[in-house]
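Listed below, chain by chain, are the residues.
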Amino acid sequence: MILGRPWISDRVGRPINEGLEVRIPPYSCHCQGALASYDWSIDEEEVFLPSNEIWVYDLDEGVWQVFHMKGEVPPSMSGTCGCSLKGSMYIFGGCDDNGQTNQMFCVDLTDGKYMWRKIAYELGSPPSPRDKLSCWVYNERLIYFGGYGHKQLTEFDSRNKSFVIDEASWVTDIFWGWNNEVQIFDPVQATWSQPNIQGRPPAPRAAHASATLGSRGYICGGRVTETRMSDIHFLDLKTWTWTEILPASSCPVGRSWHTLTAVSHNTLFLFGGLSADCKPMSDGWLIDVDTKTWTELKHPFQNKPRLWHTASPGKDCDVVVFGGSCDYILLVDKGHCNDALIFQTQPHPLFRICEDFIAKNVRSSEMLRNQLHLLPPKLLTAVQRRASFYRPSKKQSVS
């Protein structure tokens, strides 16, 4: 879990689109909001990292902590969908050594105990087992879309266009494939339900990107069969009506395994992914959903392609991208990454620029050191925490 605010620019007057790279432990295919249940390769062998630990990174001080987790620990998986609601992290689905699952687990991130709890469903039918799906959080409910998984023959209806069969992966009475289903989980009642969808839904897909803006859930790109798409749609989470956004400008190429992050009330940030020709991508784009225009964002990480990474919103419209892979992992799986990339999508406020300037230069400036004590106590504490980010060495704390 990445806690604290994203690290900021390292000098006053830095161009708006520059950012910072922070070196941290290596993972890919992890959950957004918490770094647990990972897929990794060691000595060219694919392994799952343990799901009984959670990594916490303080972006103010630059310190990693790992906490050991107890309780009903989920199996180690990849492709799990993670989200946060009221201080708790929920993970659903994913793939382990036995294939896809439709189990859900929850952990309170605020009490310091980090106790996993398996969710027992009280009412309704959960989605079929799947991975590489997405989730919107709205009105205190978890709303899941899409993914890749399997259905029993008895569950499959060839007239239903919500499931596309993967012709390369099926056995006698089990079909694997992509779906565009929308299913709602109410954590308070522990119940599943399906809304009455209106409008024309997007094609079934997996490994797409999603984000929430107000009462709209957005999805972009993803893969179905051998196609990687570039389309973008939103679902009105009040009326359950789908709408496709037809761009009024040039747009990013089709891709999967990318991320989409809300950075303002009308703007989403897209980064990375795997292109239609299986090329790891490093481009970043902003879309204004009101004007329906895409704008490519210049940034300092053009030499750092990422796919199957996670992205989280930070302070002042920053976006924190962590982990992932820089290779086409189905062919070469040696490119798992352990760095966090901080993207600045908007100008920083003057207060933040000044705070960072003091924090970075206080060790080398006698004038700043002599006047530091004149700051108000609360501001002094904040600057001292930020200054620790620039110390010569950073230690990892294990709890």
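Look up a bit, the structure's there.
Residues numbered from 1 in each chain as written. Predicted model: local features only at pLDDT ≥ 70, side-chain atom pairs only at ≥ 80, totals over all residues. Heavy atoms only, no water.

Caption draft 1: Examining the overall build of the protein more closely. When you go through the protein residue by residue, the secondary structure sums to 3 helices and 34 strands. Considering only contacts in the protein between residues 6 or more positions apart, those separated by 24 or more positions represent 58%. Of the roughly 18100 Å² of accessible surface on the protein, a fraction of 52% belongs to carbon and sulfur atoms. (Helix = DSSP H or I, 4+ residues; strand = E, 2+ residues; numbered from the N terminus. Contact = heavy atoms within 4.5 Å. Areas by Shrake-Rupley, 256 points an atom, 1.4 Å probe, with all protein chains shown as cover.)

Caption draft 2: Inspection of the nonpolar core at higher detail. One finds Tyr57, Leu59, Trp64, Val320, Val362 and Leu372 to be the most contacted residues of the largest nonpolar core, which totals 18 residues. When residues of this core are traced back to their parent elements, those giving at least two are β5 (53-58), β6 (63-68), β32 (318-322), β33 (337-344) and α3 (377-388). Here this core gets 3 residues from one element, more than from any other, and that element is α3. (Core = buried A, V, L, I, M, F, W, Y, C linked by side-chain atoms within 4.5 Å. Buried < 20%, exposed > 50% of the residue type's maximum accessible area, 1.4 Å probe, protein only.)

Caption draft 3: Quick peek at α3. Taking 1.5 Å of rise per residue, the 12 residues of α3 would be expected to cover 16 Å, and the 17 Å separating its terminal C-alpha atoms lies within 8% of that figure. Taken together, the buried positions of α3 are Leu380, Val383, Arg386, Ala387 and Ser388. Buried-residue contacts for α3 involve α1 (350-361). (Expected span 1.5 Å × (residues − 1).)

Caption draft 4: Representation of the packing of α1 against α3 within the structure. With their axes 8 Å apart at the nearest point, α1 and α3 run at an angle of 60 degrees to one another. Classified by the angle between their axes, α1 and α3 sit oblique to one another. You can see that α1 and α3 cross each other, and the crossing is right-handed. Facing Phe351, Glu355, Asp356, Ile358 and Ala359 of α1, the residues of α3 in contact are Leu379, Ala382, Val383, Arg386 and Ala387. Residue composition of the contact of α1 with α3, grouped by class: 7 nonpolar, no polar and 3 charged. (Axes fitted to C-alpha atoms, helices over the stretch in contact; angles between N-to-C directions. Parallel < 35°, antiparallel > 145°, perpendicular 65-115°, else oblique. Left-handed = near helix turned anticlockwise from the far one by under 90°. Nonpolar A, V, L, I, M, F, W, Y, C, P; charged D, E, K, R; others polar.)

Caption draft 5: Inspection of the sheet that holds strand β24 (residues 227-236) at higher detail. On the basis of which strands lie adjacent, the open sheet formed by 4 strands has the order β22-β23-β24-β25 and antiparallel pairing. Each end of this open sheet is capped by a strand with a single partner; those strands are β22 (209-213) and β25 (241-245). Adjacent strand axes in the sheet meet at a mean angle of 25 degrees, parallel and antiparallel pairs treated alike. Two strands pair when backbone bridges link them, and β22 and strand β23 (residues 216-224) are joined in this way by 5 bridges, in the antiparallel orientation. Bridging across to β23, Ala211 finds its partner in Tyr218. (Pairing = 2+ DSSP bridges.)

Caption draft 6: How the structure looks around the pairing of β33. Most of β33 is tucked away: 7 of the 8 residues are buried. Pairing of β32 with β33, which is carried by 5 bridges, proceeds in the antiparallel orientation. Considered in β33, the bridge of Val321 is made with Leu341.

Caption draft 7: Examining the pairing of β5 more closely. In terms of burial, β5 is a largely internal element, 5 of the 6 residues being buried. Summarising the sheet, β5 and β6 pair through 6 bridges and their orientation is antiparallel. Looking at the pairing, Glu53 lines up with His68 of β6. Where β5 folds back onto β6 in an antiparallel hairpin, the turn is made up of 4 residues, including Gly62, whose phi is positive at roughly 75 degrees.

Caption draft 8: The arrangement of α1 in detail. If you check α1, its first and last C-alpha atoms are 17 Å apart, about what 12 residues at 1.5 Å a residue would give, namely 16 Å. Taken together, the buried positions of α1 are Arg352, Glu355, Asp356 and Ala359. All buried residues of α1 lie within an arc of 95 degrees about the axis, which places them on one face of the element. Of the surrounding elements, those touching the buried residues of α1 are β32 and α3. (Arc of directions from axis to C-beta.)

Caption draft 9: Summary view of the pattern of salt bridges. Under the defined criterion, the tally for this structure stands at 16 salt bridges. For Asp60, the salt bridge goes to Arg386, with nearest N and O atoms at 3.9 Å. Of this pair, Asp60 sits in the loop between β5 and β6 while Arg386 sits in helix α3, and the two are 326 residues apart along the sequence. In terms of burial, Asp60 and Arg386 fall into one category: buried. Its salt-bridge partner being Asp316, residue Arg352 comes within 2.9 Å of it at the nearest N-O pair. You can see Arg352 sitting in helix α1 and its partner Asp316 sitting in the loop between β31 (310-313) and β32, a full 36 residues away along the chain. Given a relative accessible area of 2%, Arg352 falls into the buried group. Residues participating in the shared-partner salt-bridge network are Asp58, Asp60, Glu61, Asp356, Arg385 and Arg386. (Salt bridge = Lys/Arg side-chain N within 4 Å of Asp/Glu carboxyl O.)

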